[in-house]
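Listed below are the residues making up each chain.
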Amino acid sequence: VQLVESGGGLVQPGGSLRLSCAASGFTFSSYIMSWYRQAPGKERELVAIITSAGGSTNYAESVKGRFTISRDNAKNTVYLQMNSLKPGDTAVYYCDGRQPINGYNYWGQGTQVTVSS
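What you see is a predicted model; the values in this text were computed from it and never measured.

Visitor: What is the right way to read the overall build of the chain from this model?
Guide: The number of helices and strands found in the chain is 0 helices and 11 strands. Computed over its C-alpha atoms, the radius of gyration of the chain comes to 13 Å, within 12% of the 13 Å expected for a compact globule of 117 residues. Each principal axis of the C-alpha distribution contributes one length, and for the chain these read about 40 × 25 × 25 Å. Considering the chain as a whole, with its 117 residues, one finds that 40% of them fall into the buried category. Within the chain, counting contacts between residues at least 6 apart in sequence, those at least 24 apart form 53% of the total. Carbon and sulfur atoms form 48% of the exposed surface of the chain, whose accessible area is close to 5900 Å².

Next up, the structure:
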């Protein structure tokens, strides 16, 4: 089982990044997928979540209107489009997969996002 995040990096305030998380080793289309982030000295927080078929999404208040989560079940990949980035968005971003029936849960290794001028 693998979840591999990519797309992080250094961006100026107001810029955009698109994170990707490629999944393998499990039935991706049956898993609820989420993006979490953890900033230095802070707890990990849920950023966005998408249902298994992609029909429903939800966001943390701090990112609503700026971030968009999406998935492509044919490519076993979940995305996080991040626009209008702020320094407060600086964190390591992790993707998470959770099977709603049996409770299986998998995490990626994280990708660093730094928003700074």
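Visitor: Help me understand the pairing of strand β1 (residues 2-6) in this model?
Guide: For a regular strand, side-chain orientation follows a simple rule: the groups alternate between the two sheet faces. Along β1, the buried face is formed by L3 and E5; none of Q2, V4 and S6, which line the opposite face, is buried. Pairing of β1 with strand β3 (residues 17-24), which is carried by 5 bridges, proceeds in the antiparallel orientation. Opposite L3, over in β3, you have A23 as the bridge partner.

Visitor: What is the right way to read the packing of aromatic side chains from this model?
Guide: The relation between two aromatic rings is expressed through the spacing of the ring centres and the mutual angle of the planes. Taken as a whole and judged by the stated rule, the model has 6 aromatic pairs. Ring geometry for F26 against F28: centres 6.5 Å apart, planes inclined by 50°, an arrangement best described as tilted. Of the two residues, F26 and F28, both sit in the buried class. When the centroid spacing of 5.8 Å and the interplanar angle of 25° are considered together, the rings of Y31 and Y106 count as stacked. Of this pair, Y31 sits in the loop between β3 and β4 (32-38) while Y106 sits in strand β10 (residues 105-107), and the two are 75 residues apart along the sequence. Residue classification places Y31 among the buried residues on the basis of a relative accessible area of 4%. Among the aromatic residues, those joined into a ring-pair cluster are F26, F28, Y31 and Y106.

Visitor: What am I meant to see in the pattern of salt bridges here?
Guide: Two side chains carrying opposite charge are able to pair once their charged atoms lie near each other. Applying the stated rule across the entire model yields 4 salt bridges. The partner of D89 in a salt bridge is R37, with the nearest N and O atoms 2.9 Å apart. With D89 in the loop between β8 (77-82) and β9 (91-98) and R37 in strand β4, this residue pair connects regions lying 52 residues apart in the sequence. Since its relative accessible area comes to 6%, R37 is described here as buried. One salt bridge in this structure joins K64 and E61, with 2.8 Å as the shortest N-O distance. One continuous salt-bridge network, built from bridges that share partners, spans R37, E45, R66 and D89.

Reading the values: the criteria
- Per chain, residue numbering runs from 1 following the sequence as it is written.
- Confidence filtering applies because this is a predicted model: local features only for residues at pLDDT of at least 70, side-chain atom pairs given and counted only at 80 or more, and all residues used for totals across whole chains, interfaces and linings.
- Each side-chain value is worked out from all heavy atoms of the structure, with water and hydrogens disregarded.
- Strands here are runs of E lasting at least two residues and helices are runs of H or I lasting at least four, both read from the DSSP assignment and numbered beginning at the N terminus.
- Based on C-alpha atoms, the radius of gyration is set beside the globule rule, defined as 2.2 Å times the residue count to the power 0.38.
- We call a residue buried when its accessible area falls under 20% of the maximum for its residue type, exposed when it is over 50%, and partly exposed in between, using a 1.4 Å probe and counting protein chains only.
- By definition, residues are in contact when any of their heavy atoms lie within 4.5 Å.
- Exposure was quantified through the Shrake-Rupley algorithm and a 1.4 Å probe, taking into account, for residues, occlusion by the shown protein chains and nothing else.
- Two strands are counted as paired when DSSP detects at least two bridges linking them.
- Geometry of aromatic contacts follows a simple scheme: Phe, Tyr and Trp rings, the Trp one being its six-membered ring, pair when their centres are within 6.5 Å, and the pair is stacked under 30 degrees between planes, edge-to-face over 60, tilted otherwise.
- The term salt bridge refers to a pairing of a side-chain nitrogen on Lys or Arg with a carboxyl oxygen on Asp or Glu at a separation within 4 Å.

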